Amino acid sequence: MKKSLSKWFTGMMIGTLLLTTAGCGGGAAPAANSNSQGESAKLGVVAYMSGGGAAYGQSQKEGLDLAKDEINAQGKIKIDLVYEDSRGNNTDAINAVNKLINKDNVVGLIGPTLSGEMFAAGPIANQSGVPIMGTSTTAEGVTDIGEFVFRNALPESSAVPQAVKKAVEKYNLKKVAVMYSSNNDWAVSGYKTMEKALQDNGVEIIATETFADKDTDFSAQLTKIASLKPDAVMVSSLYQEAALVLKKAREIGITVPFVGTNGFNSPELIKIAGQAAEGAIVASPWYPGKENEKIKKFVADYKAKYNKTPDQFAAQSYDALHIYAAALEKSGSTTDRQKLRDSLATIKDFEGVTGKFAFDDKRNPLMDATVLIVKDGQFTELK
Amino acid sequence: MDVILNQYYLQIAIFVLLNAILGVSIYLTLATGQLSLGNAGFMSIGAYTCAILTVKAGLPIYLGIPIGGIAASFISIIIGFPALRLTGIYLAIATLGFGEVVRVIVLNLKVTNGALGISGIPTLGAKIGKALSALGFPHGVGGLTAQQTSNLMVLVVLLLCLSFLIFFCTRLNRSRVGRAFAAIKADESAAEAMGINTTYYKLLAFALGALIAGIAGGLSAHLTFFIGPKDFAYNRTVEILTFAVLGGSDLIIGPIVGALLLTLLPELLRSASEYRLMIYGALMVAMMAFRPQGLISEETVRFWKRKLGRGMKQ
Amino acid sequence: MLNISGLSTSYGSIKAIKGIDLDVPQGSIVSLIGANGAGKTTTMKSLVGLLKAQAGQIKFLNQEIRGLAPHRIVSLGMSLVPEGRNILAGMTVLENLEMGAYQRKDKEVQADLEKVFKRFPILEERKQQFGGTLSGGQQQMLAIGRALMARPKLLLLDEPSMGLAPLVVADIFKVIQEINQEGTTILLVEQNVRQALKIAHYAYVLETGKIVLHGKAEEVAKNPRVMEAYLGGTKADT
Amino acid sequence: MFWQQLVNGLTLGSTYSLVALGYTLIMGVLNIINMAHGEIFMFGAFVGLLLVTYLKVNIFVAMAGAMVACALLGILMEMLALRPLRRRAVSDLAPLISTIGVSIFLENLALKIFGPQSQTFPSGALSGVQIQLGSIQISLVQIIILGISFGLMFVLRFWLSKTRVGKAIRTTAESIDTANLLGINTNKIILLTVALASGLGGIAGVLVGLSINAVEPTMGLSMGLKGLAVLIFGGMGNITGAMVGGLILGIAEVFTVAYGASSYRDAVAFGMIILILFIRPQGLFGSSTRKGGRF
Amino acid sequence: MTLVLDQVSKSFGGLAALGNVSFTVNGGEIVGIIGPNGAGKTTLFNLITGIFPPSSGKISYKGKNLLGIRPYKVTSLGLARTFQNIRLFGHMSPLDNVMVGAHCRTKAGVWKGLWRTPTQRKEEKRTRERAQALLQLVGVENDSDTPAGSLPYGQQRRLEIARALATEPEIILLDEPAAGMNESETEDLRLLIKKIQMMGKTVILIEHDMNLVMNVCDRLVVINFGQKIAEGTPAEIQKNPLVIEAYLGREEA
C-alpha cells in the first residue's frame, strides 16, 4: 500500500514533468499583429499580487478595474486588461512582461508595482518597443531606462521637498531626526530626497536611524531620538512600518510633528496608527478629501464597489488607465505600440483624480502635490 | 519556429538554464552530504562583484562573471574552515545565517548602493547584439530580429555553461575526487578511515558550489538589468533548495530537472497565481513524505536502465 | 506463556533471524545463548515490537502480539531490559524508576518502589542522581529495577552481564533468580554461558539466525558443541 | 537612556523568548527544527484578532482560543508533514525541508484567507497602555509578555519535571525506543508535544500581535527566523536557553541600534548564531552530548 | 616490533573503557584480540587508527608516534581497518568502494580528472585493475548494477577487507570479520586472512568466533574490562584459567 502510494506519487510527478515540457512547446502561437480598427486595446498589467506586498497590487487592480469599466461604458474606446503577478520578484516581473508582450501581444503595459521590478523589467519593454507606465515606481532614474518607459507616479524628488518646505515654514524646524527603512529601495530613495530637501532648507539632521521592512519594534531607535529632542521626525517607509513608528513614538512621548514620504499617504496609516497618526504630514498628488467633482465621484464609486476609501495606489492606477485611454484615442490604433508611445508622450492638461497632469520631456509626471496633515482621523490640507 | 523564437519562451528558457546552474551549485555541495543554505549569499557576492566590476570599472562581462565566481568561492573558503566542522541542521542554519549577514552587509555598503541596488547593468543580450552588429549583422541573422538573435545567443551561451558543468560533474564523479565526495557523503568517518582528507574535500565541494553560485549570480546580474539585496534573500535560498529537493540530489540530472520543473511550473500556474505558492509548499511536504530522495534517484535510473535494457533485447 | 514459531526478521535485505521456534513456559527461566551476530538481540527486539518481524507467530498468553505497538505489548505484561541498558541519562534514578511504572495506575507503585530500593539499596542512595552518572553495574540494576516497576509477567533480559565486573555479574544473576522465584517468568539472552545455563531451566542455542540446539539447561551445558562455540576447537591448519 | 534601552531590550527579548519556547519544545523531543513555527505563530495572532474583533471576547479568552486553534494546526502538521517522515529512515534534513514547505503553505493560505493588509486589534484591547516607572516607561502589554514568558518557562519546567506526562515527554526526548519499551505511546506524546508547542506559538502570536498591534500574514517569517536564532543561540531543546537567549538577543539588537548602527541590527541575530556555532556549537545552555538532561 | 602500544588508557566521561593496555605487534604476524562484549576491543582499534585520542599512553608505528594524527594520515602511513558494523559506501558499486580505498595512494585532482590527462588515465587504469584484482582475491563479484549495500552479508564483510587492502596497508585491522558468517564462509575467511599474511602484511583481528581465532592467529591478546588479562599463543590462551573465567563465567559464583 505504502509502496504503491509512493509509486503513484512519482508517476504523477513525472506526468507533470511531461505535461510541463509539452505545454512549453505547444503554447498558443501569438497572433500576428493585426491592424484592424475598432477592436479593444489589450493592455498588460504587472502587479505585486501575491506575497508580502500584495496589498499594493490589490489596490492597483481595483483602481484599474474601476477605470476600465468606466472607459468601456463610455464606449469611445474599448480596453482589455491582462493581469500578471510579479510577486515582488524581479525574475517574475521579467517573465510577466515578456509574456504580456510576446504571448498576449499587448499594446502597452502598466506596472510593475516596485521600482526594482521596473529596473529589471522596464528594459525588456523598452527593447521590444512597448510603452510601459509605472504607477507607483517613484525611485530615482526609472524613466532613464528608455523612451518607452513612463510613469505617472510622482517621484519623491517632486513631492517630498514640498512637504519638507511646508513643515519647516509652519513649525519653524531647526533640527530633525530622520528614520527610514534601509532594505526598501523605494524608502531609501525617499530618504535621499528628504535629506537633500532638509539641507536645502537649512535644517540640521541630528540623528539618522534605520529599520527594515516588516520590523515591528522601533523602541530602540525612538528612545534614542526622544533623548535628542528634535523639532520633528522625518520618516521614509511603507505605511505599515510608518504607522508602527508613529504609534511607538507617541507612546514614549514624542509629540513633535512627523513628516513622511509617500508611505504616509494611505488610509491604512490612520487605520493602524489611530490616534497616533494625528499631526503626520505628507505631500501627495492624491487627496480624497479635495473639493472636486471628479474625485468625489471616484471615491464614491470606489467605496460602492470595494467598500473602502481608495489609496494612492488605486488612484494613480485609475488615472494611469485613463491616460492610456486618452493616448489610445489620440493614436487611433489599438495595436500600434510606437504610435501609442508617441501619443502618450504628448499627453497634456489631463485632468485626473490626482490632479492636473502632463508628461515632461523625460516622461516623468508634471503635477502638483498637496501637502496633507492628519487631523481628526482624516487627511486634510495643511495650510 | 515562431513559437520557439518567441521572446517570452526564450526568456523562460534562459531562466530555466540559469536556475539549472544554481541547481548544480547546490548539487556540488550536497555531493559530500553537506546541505549549505548559503548559496543565495554566494550568488549575491558573485552578482555584486561582477556588476560593480562591469558597471563601475568597465570590465568586460566575460571577465566580470568568472571574477565574481572566484570572489564567492574565496569567501566560501574563509567561512568554510570553521563552518564545515558543523554538520546537518547546524551547518544548514549557519549557512542560512551567513546569507542573511551578507544581505545586511550589502544593504549597508556604499559600493553596492544599499537597497537601491545596481541598475542599468549591461545585458548579455545587448553585448552580444553589439558584437553581432560589429560583425555586420545589425538586423539579426537569417530572418530573425536582432533581439531574437541576441536572445538566442544568450541561450546558447548559457547552454554551453550548463553543458560544461554537466560535463565537469560527470567527469568529476568518475574520478578519484568524485569517489572521495561520494564516500564522504555515504559515511564521513569511514571515508576518513580509508585515507581521505575529509576536511579538504568538504571544503573543495563547498568552494566549488560557491564558485558556481557566484558565476550564476554574475550571469543573473547581466540577465536582469538590475540587482538588489532582496533578490538574494531567504526566498531565493529556499528556491534553490527546492530544485535539489524536488529533482533529487543523487545525480546531477536531479537538480536540473528540479530547476526545469520549478521554473516552468509558476509560468504554467500563472492563472492560479494565488494558489501557486500554496501548491509549492504542499509539494515540498508531499515530496518529503513520499519521495524524500527526489524525483530522480539512482534507483530510478537503475530501474529504467534495466527496463530499457530488457526492451532492447526483446 | 510465550510461544514463538517461525519468527523471521530482516534488516533491509539481510535476514537476521530465520524462522525461530521457541517456548517460554510460565514460571521458568529460559536462556537464549549464541555468538555475536547470531540474532539474539534481534529476537528480543522483535518480541517487544521494536522491530517488525516479517513472518511467524508470537503468542503471549495465548494472544498473537506480532505487529502490536510496543506500548501495547508492555501493557500486556512483557518488559525488556535492552542490551546496553538504555538508562535515561538526563533523568534521575527515581524518575527512571517512575517511568518504569508509566502505565500503572494502581496504588502499589510506591510499595514496588520500596521493593526495588530494598533489592538494590545503592539505587535508593543515589535516587536523586542523574542516571547517566551511575557506573555500569548500577545502571544495570536500575534497568532491571525499572523493568520490574511495570510488574511484568514476562521479563526479557538482553545481556545483563555485559561489561560488568565478575562480582557484580554474580549479584545480577542472583537477583534474576530471586525475581524468578517471586513469580516472574524470564527470557534471558546471555554471553556468560556458564552462569546463564546454571540458573536457567531451559536453553536455546542460536547460530546465524537459527536455533541449532535446545533442551534442558543442564543438558545443553554438557553438550560439547556449546563449549566449542565459545572457546573454539583447534583444527589443523590447511 | 541606558536603562530605558535595557528595558526596551528586555521587552523585545521576551517576545523572542516566547516564540523560541515553542521551537525548543519540538527540537527537544523530535530533534528537528520546525521552520513553520513562525507561521503557526502568525495564525495564532490572526485567530486572537478575529476573536477579539468579531466575538468581542476578553483578550485572555482570545489567547486561549488561539492556543487551541494553533494546537489543532500543530496536530495537523504532525500527522501530515512529520509522522510520515518518521516511519522511514530519512536524513535529518527531510523534516527541515518538510516544515519549510508547511511554512510556505501556511503563509500563502493566510494571504488568501485574511488578505495582505495588516490588521489591528480594536482599541481598548490592552494595547497602548503605558506605565511610567521613574524615568523608565514600559507598556502594559510588554509587562504581560514578560510575565507570561517567564511564567510559561517556570510552568513548563515544573510540568516537564514533575508530572507524569511531562516525564513521558522527557523520556521520549531522550530516546523514542526506550520510551516505547517503557510502555509510552510515543506517537501520542509527540502529537501532544507538537500541539503544545504550537499552542504556545499561538499565545505568543496574540501577545506579540497585541504589542505591535499589526497582524499580517508575513509576520511569521521574520519572527520565525529570530526564534530560530534564539533556539540555536540558547542551545537546542533547552528551555532556560530559549528564555535567556531571547533576552540576550533582544538586548543585543536594541543596543546595536542605541550605541551602534541601526542598519546592522538584522545581522545581529545571525551574527550571534554563527559565532556561537563556531565557539560552542551546542549553544549557550545546551549540553555537548545527548547524554545530558534535555530541557 | 612495528606497532607498539604503551600503557594506553581511555575513559569516556569518567567511565574507564581501557586501562593501561600495552602490547606490541610484529611485522607479518596475525594477532588476535579477544574478550567478552564491551571489554574495549573496538575502542582499542579506534585509538590505533586515530578516531579519538587516548586519555594517556603512547601508540607508535615503526617508531613514529601516532598520537594526534588524523585517521586519514594514519591510513596513509600504512594502517587500514574494517568496521564491526559494516560501513561500506552502500550506494556505490563494489568496485568503486575498493577504488575509494586506493585514494591515499593516488594523486589526480580535480583538474586532471576533468581533462583526463594521460597520467590521470594511467593512474585510473592501474587503480581499476588493482581493485578488480582485490575483488577477485576476496571473492566478490564485480557487478556494477548491484550497490555494495545490497550484497549478501558475507560478501559485504569481504568487500570491506578488499577496500582496506586497497589502501596498501602494512597492517590491516579487522574488526569481527566473521560476524554473521556461516561455517563455510568463515572457513573462506580463514583462508583469506592467511593469504593476506602471505602477501607480507600484518593482521590484527578482533573476533568472537573462537574456531577462527584459534586456527588463524599466531598470538592472542585477551582484554577484559579494559585490562589486558593474558597474551600468548592460542594453545596457551585456551588453557589460561583467567580467560576461561572471563568467557564462561566462574565455576562457582
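Structural data are supplied above this passage.
Only a predicted model underlies this, so the values are computations on that prediction, with no experimental measurement involved.

Q: Is there a simple way to explain the overall build of chain C in this structure?
A: The helix and strand inventory of chain C stands at 10 helices and 10 strands. In summary, chain C has a C-alpha radius of gyration of 18 Å against a globular reference of 18 Å for 238 residues, a match within 12%. Along the longest, intermediate and shortest principal axes, the C-alpha atoms of chain C span 60 × 40 × 35 Å. Counting only residues that meet the buried cut, chain C has 55% of its 238 residues in that class. For chain C, the exposed surface amounts to about 9,800 Å²; the carbon and sulfur share of it is 51%. Here chain C contributes 28 positive and 23 negative side-chain charges, whose respective centroids are spaced 4 Å apart.

Q: Sorry if this is basic, but what is going on with the interface of chain B and chain A here?
A: Accessible area lost upon the coming together of the parts is a frequently used measure of interface size. Across the boundary between the two partners, chain B contributes 41 residues, which contact 45 residues of chain A. Carbon and sulfur atoms make up 65% of the area that chain B and chain A hide from each other, which totals about 3,900 Å². A per-residue breakdown of the area chain B buries against chain A is headed by B:Phe225, B:Arg270 and B:Phe290, which together make up 16% of the total. Along the contact surface separating chain B from chain A lie zero salt bridges. Our count for the contact surface shared by chain B and chain A stands at four residue pairs in polar contact (both at pLDDT 80 or more). Those elements giving two or more residues to the side of chain B that touches chain A turn out to be helix H2 (7-30), helix H5 (88-108), helix H10 (198-224), helix H11 (234-247), helix H12 (253-268) and helix H13 (273-290) of chain B.

Q: In this structure, what is going on with the interface of chain A and chain D? I would like to understand it.
A: With 31 residues of chain A in contact, the opposing surface of chain D contributes 28 residues. When chain A packs against chain D, close to 2,500 Å² is buried across both sides, 48% of that on carbon and sulfur atoms. In this structure, the connection of chain A to chain D is made through two salt bridges. The interface formed by chain A and chain D holds 13 residue pairs in polar contact (both at pLDDT 80 or more) in total. Considering each element in turn, the side of chain A that touches chain D owes the most residues, six residues, to helix H7 (residues 219-228) of chain A. Its residues assigned to classes, the side of chain A that touches chain D comprises eight nonpolar, 12 polar and 11 charged.

Q: When you look at the side chain of E:Thr43 in this model, what are you seeing that I'm missing?
A: All names here are of chain E. By secondary structure assignment, the location of threonine 43 is in helix H1 (residues 41-48). Owing to a relative accessible area of 13%, threonine 43 belongs among the buried residues under this scheme. Other than its neighbours up to four places away in sequence, threonine 43 contacts Lys10, Phe12, Ala17, Leu18 and Phe52.

Q: Would you explain the packing of aromatic side chains in this entry?
A: Centre distance and the angle of the planes are the two values used to describe a pair of aromatic rings. A complete count under the given rule lists 30 aromatic pairs over all chains for this structure. Here the aromatic rings of D:Phe46 and D:Phe114 are separated by 4.0 Å at their centres, their planes lie at 5°, and the arrangement is stacked. Placement of the pair is D:Phe46 in helix H2 (residues 37-54) and D:Phe114 in helix H4 (residues 93-114), with a sequence separation of 68 residues. Arranged with centres 6.1 Å apart and planes meeting at 75°, the rings of E:Trp111 and E:Trp115 form a pair that is edge-to-face. Residue E:Trp111 and its partner E:Trp115 are both found in helix H4 (residues 110-115); the two are separated by four residues, about one turn of the helix. According to the relative accessible area criterion, E:Trp115 is partly exposed, its value standing at 42%. Counting every residue linked through ring pairs, the aromatic cluster contains A:Trp286, A:Phe298, A:Tyr302, A:Tyr306 and A:Tyr318. The cationic tip of A:Arg341 hangs over the ring face of A:Phe148; the distance from NZ or CZ to the ring centre is 5.9 Å. The ring of E:Phe83 has E:Arg87 sitting right over it, with the charged end atom 4.9 Å from the ring centre.

Q: Explain the pattern of salt bridges to me, please; I cannot follow it from the model alone.
A: A side chain with one charge can pair with a side chain of the opposite charge if their charged atoms come near. In this structure the tally under the stated criterion is 48 salt bridges over all chains. Notably, a salt bridge pairs A:Lys297 with A:Asp301, separated by 2.9 Å at the nearest N-O pair. One end of the pair, A:Lys297, and the other, A:Asp301, are both in helix H10 (residues 293-306), four residues apart, so they sit about a helical turn from each other. Taking relative accessible area as the criterion, A:Lys297 reaches 47% and is therefore assigned partly exposed. The salt bridge partner of D:Glu78 is D:Arg83, with a shortest N-O separation of 3.2 Å. Of the residues examined, D:Arg83 reaches a relative accessible area of 18% and is grouped as buried. The network of salt bridges with common partners includes C:Arg104, C:Asp106, C:Glu108, C:Asp112 and C:Arg151.

Q: Hey, could you run me through the environment of A:Pro112 in this one?
A: All names here are of chain A. For proline 112, the location among the structural elements is in the loop between strand E3 (108-110) and helix H4 (115-128). Residue class for proline 112 comes out buried when judged on its relative accessible area of 0%. Beyond its immediate chain neighbours, meaning those up to four positions away, proline 112 contacts Val46, Glu117, Met118, Ala121, Ile132, Ser136 and Thr137.

Q: Explanation requested: the sheet that holds strand E13 (residues 365-366) of chain A in the structure shown.
A: Sheet strands pair via backbone hydrogen bonds, and the direction of the pair is either parallel or antiparallel. All names here are of chain A. The strand order E11-E12-E13 describes an open sheet built from three strands, whose pairing is antiparallel. The strands lining the two open edges of the sheet, one partner per strand, are strand E11 (350-352) and E13. Of the pairings in the sheet, the one linking E11 to strand E12 (residues 355-359) comprises three bridges and is antiparallel in character. Bridging from a neighbouring strand, glycine 352 pairs with glycine 355 of E12. Sheet strands touched by helix H11 (residues 312-331): E11 and E12. Its angle to E11, the strand with the most contacts, is close to 150°.

Q: Explanation requested: unusual backbone geometry in the structure shown.
A: Apart from glycine, the bulk of residues carry a negative phi angle, and the bulk of peptide bonds sit in the trans form. Note the cis peptide between A:Gly111 and A:Pro112, where omega equals -10°. We note that A:Lys214 has phi near 75°; this positive angle belongs to a residue other than glycine. Here A:Lys214 shows up in the loop between strand E7 (204-211) and H7. Among the residues examined, A:Lys214 registers a relative accessible area of 26% and is labelled partly exposed. Phi angles above zero are rare outside glycine, and C:Glu159 is one such case at about 50°. Among the structural elements, C:Glu159 can be located in the loop between strand E7 (154-158) and helix H7 (166-181). Taking the relative accessible area as the measure of exposure, C:Glu159 reaches 4% and is therefore buried.

Q: Sorry if this is basic, but what is going on with the nonpolar core here?
A: Generally speaking, soluble globular proteins have nonpolar side chains that are buried together. Formed by 237 residues in total, the largest nonpolar core has its most connected members in A:Val97, A:Leu109, B:Leu35, B:Phe42, B:Ile227, D:Ile33 and D:Leu228. Contact partners of A:Leu109, with chain neighbours within four places excluded, come to A:Gly44, A:Val97, A:Leu100, A:Ile101, A:Ala125, A:Val130, A:Pro131, A:Ile132, A:Met133 and A:Tyr324. Grouped together as the second largest cluster of nonpolar side chains are 68 residues, A:Ala283, A:Tyr318, A:Ala325 and A:Leu382 included.

Q: Sorry if this is basic, but what is going on with the sheet that holds strand E8 (residues 202-206) of chain E here?
A: Residues and elements named next belong to chain E. Spatially, E6-E7-E8-E3-E9-E10 is the arrangement adopted by the six strands of the open sheet, whose pairing is mixed. Of all strands in the sheet, those with a lone pairing partner are strand E6 (79-81) and strand E10 (227-232), marking the two edges. Looking at each pair of strands side by side, their axes are set apart by 20° on average, direction ignored. Taken together, the five bridges between strand E7 (residues 171-175) and E8 define a ladder with parallel strand orientation. Each residue of the ladder has a partner; that of leucine 174, found in E8, is leucine 205. Each of strand E3 (30-34), E6, E7, E8 and strand E9 (219-224) is contacted by H1, which is oriented at about 150° to E7, the strand it contacts most. Across the face of the sheet, helix H7 (residues 183-198) comes into contact with E3, E7 and E8 while running at roughly 150° to E8.

Thresholds, definitions, all that
- Residues numbered from 1 in each chain as written.
- Chains lettered and ligands numbered in written order.
- Predicted model: local features only at pLDDT ≥ 70, side-chain atom pairs only at ≥ 80, totals over all residues.
- Heavy atoms only, no water.
- Helix = DSSP H or I, 4+ residues; strand = E, 2+ residues; numbered from the N terminus.
- Rg over C-alpha atoms; globule rule 2.2 N^0.38 Å.
- Buried < 20%, exposed > 50% of the residue type's maximum accessible area, 1.4 Å probe, protein only.
- Areas by Shrake-Rupley, 256 points an atom, 1.4 Å probe, with all protein chains shown as cover.
- Lys, Arg positive; Asp, Glu negative; His and termini not counted.
- Charge placed at Lys NZ, Arg CZ, Asp CG, Glu CD.
- Contact = heavy atoms within 4.5 Å.
- Buried area = accessible area lost by both parts, 1.4 Å probe.
- Salt bridge = Lys/Arg side-chain N within 4 Å of Asp/Glu carboxyl O.
- Polar contact = N/O pair within 3.5 Å; in protein donor to acceptor, adjacent residues only side chain to side chain.
- Nonpolar A, V, L, I, M, F, W, Y, C, P; charged D, E, K, R; others polar.
- Phe/Tyr/Trp six-rings, centres within 6.5 Å; stacked < 30°, edge-to-face > 60°.
- Lys NZ or Arg CZ within 6 Å of the ring centre and 35° of its normal.
- Pairing = 2+ DSSP bridges.
- Axes fitted to C-alpha atoms, helices over the stretch in contact; angles between N-to-C directions.
- Core = buried A, V, L, I, M, F, W, Y, C linked by side-chain atoms within 4.5 Å.

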